[in-house]
Amino acid sequence: MPFDPGNRLIAAIDAPGRAEADALVDRLEGVPGWFKLGLELFCAEGPSIVRDYVHRGRRVMLDLKLHDIPETVARATARVAGLGAELLTVHPGGGRAMLDAAVRSAGATHVLAVTVLTSLDESDLRDIGARGPIGALVVQRARLAIDAGCAGVVASPHEIAAVRAIAPPGFLIVTPGVRPAEVAAGDQKRVMTPREARAAGADLVVVGRPLRDASDPARAARAIVAELA
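Residues numbered from 1 in each chain as written. Predicted model: local features only at pLDDT ≥ 70, side-chain atom pairs only at ≥ 80, totals over all residues. Heavy atoms only, no water.

Notes on helix 3 (residues 47-55)
Then step 1. Within helix 3, the full set of buried residues consists of I49, V50 and Y53. Angular distribution of buried residues about the axis of helix 3 spans 100°; they occupy a single face of the element.
Then step 2. On the buried face of helix 3, the contacting elements are helix 1 (18-28), strand 2 (34-37), helix 2 (39-45), strand 3 (60-66) and helix 4 (70-83). (Buried < 20%, exposed > 50% of the residue type's maximum accessible area, 1.4 Å probe, protein only. Helix = DSSP H or I, 4+ residues; strand = E, 2+ residues; numbered from the N terminus. Arc of directions from axis to C-beta. Contact = heavy atoms within 4.5 Å.)

Below is the structure:
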């Protein structure tokens, strides 16, 4: 069955606990098609919040960036699949065998390999001993994800075109580092507007602080959805 991207907006629910997460979700008034639950919230609330959000009909991207030996990642991925999250992130730095293990254990969950964090630039790559330039590293990791059978990758807007050029049909590109033109980039170093990201070929875009910090999150979300359309 073809993947349904919905309205293509993933709202990052960056909250310290369930009460704050629910408050933000309520303020978004059901506008985003997806909700991304990340490390802070998962560490605070555990699997129950994922299970409950799915039960309430919310489409969930669980952003854990799993990176461990293949057996551990396989077991963790199977648990995530049991929660009903549709998207799960893993780190390709764990290698081909780890990605293979995640894909084999994912069931109906779509495994996304995170290429290079949008908070990193070329100098950061040098600091961690990674071989750049960033664009080449993203493409290399995207090829690894494709070969392992991952459903897609997470990549900044600036690498979308290069990934799309090597990707098979239906391969998902999920894009963080998206900011409306009037919003400051913050600690994101490789950004585009929602319209630019979609025009470049993003399937889904992840937006966090521009929604969380807006005076009217639902209105801000509607504006982004209109750009993506």
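Further notes follow.
So, the packing of aromatic side chains
Then step 1. Counted according to the given criterion, the structure contains one aromatic pair.
Then step 2. Note on F3 and W34: the rings are 5.7 Å apart at their centroids and 20° apart in plane angle, and the pair reads as stacked. With F3 in the segment before strand 1 (9-12) and W34 in strand 2, the pair connects residues that are 31 residues apart, well separated along the chain.
Then step 3. Overall, the relative accessible area of 22% leaves F3 in the partly exposed class.
Then step 4. It is R58 that lies over the ring of Y53; its NZ or CZ is 4.6 Å from the centre. (Phe/Tyr/Trp six-rings, centres within 6.5 Å; stacked < 30°, edge-to-face > 60°. Lys NZ or Arg CZ within 6 Å of the ring centre and 35° of its normal.)

Some thoughts on the pattern of salt bridges
Then step 1. All chains considered together, the criterion is met by 13 salt bridges.
Then step 2. A salt bridge links R195 to E227, with the nearest nitrogen and oxygen atoms 3.6 Å apart. Linking R195 in helix 9 (residues 194-200) with E227 in helix 11 (residues 217-228), this pair joins segments that are 32 residues apart in sequence.
Then step 3. Here D213 ties to R212 by a salt bridge, and the two come within 3.0 Å at their closest N and O atoms.
Then step 4. In this structure R212 comes out as partly exposed when scored by relative accessible area, which is 33%.
Then step 5. Each of R18, D22, D52 and R56 takes part in one network of salt bridges that share partners. (Salt bridge = Lys/Arg side-chain N within 4 Å of Asp/Glu carboxyl O.)

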